[in-house]
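Commentary on secondary and tertiary structure
Next come the chains, spelled out residue by residue.
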Amino acid sequence: MLRSLAISLALLAFATPATAVELNGHLVPGGFVIGEVEPGATVLLGETPVEVAPDGRFVIGFGRDQGPEAQLTIIHADGKSEQQMLSIAPRQYEIQRIDQLDQNMVTPDPETEARIKADQAKVKAARANPSQRRDFLMDFIWPAKGQISGVYGSQRILNGVPKAPHFGTDIAAPEGAPVVAPADGMVRLAETGFYLTGGTVIIDHGLGLYSSYLHLSRVDVVPGQELRQGDMIGAVGKTGRATGPHLHWGLNWNETRLDPALLVPPMVELKP
């Protein structure tokens, strides 16, 4: 169901002794886990309520700075509850320096900052109201082919100024190269002119799992459009804050940013 990026990234697949919950995924920062409980149960990750489908399936994810443990609580339909402490394997992150950027892209003026906040509000709205889709159960494919030029979690230093970590995978490819849907889903957002991310698409895969595609030179989809794995989304570009043509591929569990590279085999294993 989920394929590991590297054996060392702690692939999890087990059922608890009491069979309260079944989990399959990666117990690492940036990891994505599919769970299943009996229908009617309630699930909490820490104190955060988790969307549970009528058949008992749910999705959880762990952010970049997740600590060594995470508490999962299951409240059964009869009111009884139990807890499980999940062990989260640590990860090391790279430091990435990017220079020669337009300084307004690094330290925006007030007018630009307002525009960025308006763009971010649209993104947040696109990820609101998780659907009951089951597209996350598929084996994902790479949305583009090329050299990996940026990895999840790396600390970004832009024009010498430390900035937020990089939350996604960058794939360097020629401008105009195809970008396809890595799994089935529904388009939640399709924009061509965001200030930082340029051409931007967000796809809903169900139960709070969303993938995003940034810096596109061309957007070929519209909100509400149903996609099948391999369908064209758009084309690689360098729009927004980008120094060269590449696709930024992101993954979210609601507002938690995950590592999309954990969903696919290493790029080096792909056939041309």
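Below: a short report on this structure. (Residues numbered from 1 in each chain as written. Predicted model: local features only at pLDDT ≥ 70, side-chain atom pairs only at ≥ 80, totals over all residues. Heavy atoms only, no water.)

Each strand in a sheet pairs with another by means of backbone hydrogen bonds, the pair being arranged parallel or else antiparallel. Judged by pairing direction, the sheet is antiparallel, and its 4 strands sit side by side in the order β5-β4-β7-β8 without closing on themselves. Each edge of the open sheet is held by one strand with a lone partner, namely β5 (48-50) and β8 (81-87). With strand direction ignored, the average angle separating the axes of adjacent strands in the sheet is 25°. Examined bridge by bridge, strand β4 (residues 42-45) and β5 share 3 bridges and lie antiparallel to one another. In the sheet register, Leu44 faces β5, and the bridge partner there is Pro49. (Pairing = 2+ DSSP bridges. Helix = DSSP H or I, 4+ residues; strand = E, 2+ residues; numbered from the N terminus. Axes fitted to C-alpha atoms, helices over the stretch in contact; angles between N-to-C directions.)

Before going further, it helps to spend a moment on the environment of Asp99. Considering the arrangement of structural elements, one finds Asp99 in the loop between β9 (95-98) and α1 (103-106). Among the residues examined, Asp99 registers a relative accessible area of 48% and is labelled partly exposed. When the C-alpha atoms of Asp99 and Asn159 are compared, they prove to be 4.4 Å apart, with 60 residues separating the residues in sequence. (Buried < 20%, exposed > 50% of the residue type's maximum accessible area, 1.4 Å probe, protein only.)

What follows concerns the nonpolar core. One recurring pattern in soluble globular proteins is that nonpolar side chains are buried together. One finds Ile60, Phe62, Leu72, Val201, Tyr213 and Ile233 to be the most contacted residues of the largest nonpolar core, which totals 52 residues. Those elements that provide at least two residues to this core are β3 (32-36), β4, β6 (57-61), β7 (69-75), β15 (185-194), β16 (198-206), β17 (209-216) and β21 (246-253). For this core, the element with the highest residue contribution is β21, accounting for 4 residues. Those residues in contact with Leu72 that sit more than four places away from it in its chain are Val21, Leu23, Val43, Leu44, Leu45, Ile60, Glu82, Gln83, Gln84 and Leu86. In this structure, Val123, Ala126, Phe194 and Tyr210 belong to the second largest nonpolar core, which totals 6 residues. (Core = buried A, V, L, I, M, F, W, Y, C linked by side-chain atoms within 4.5 Å. Contact = heavy atoms within 4.5 Å.)

Turning next to the sheet that holds strand β18 (residues 218-219). If you trace the 3 strands from one edge of the open sheet to the other, you get β14-β20-β18, paired in antiparallel fashion. Only two strands of the sheet have a single neighbouring strand rather than two, namely β14 (178-180) and β18.

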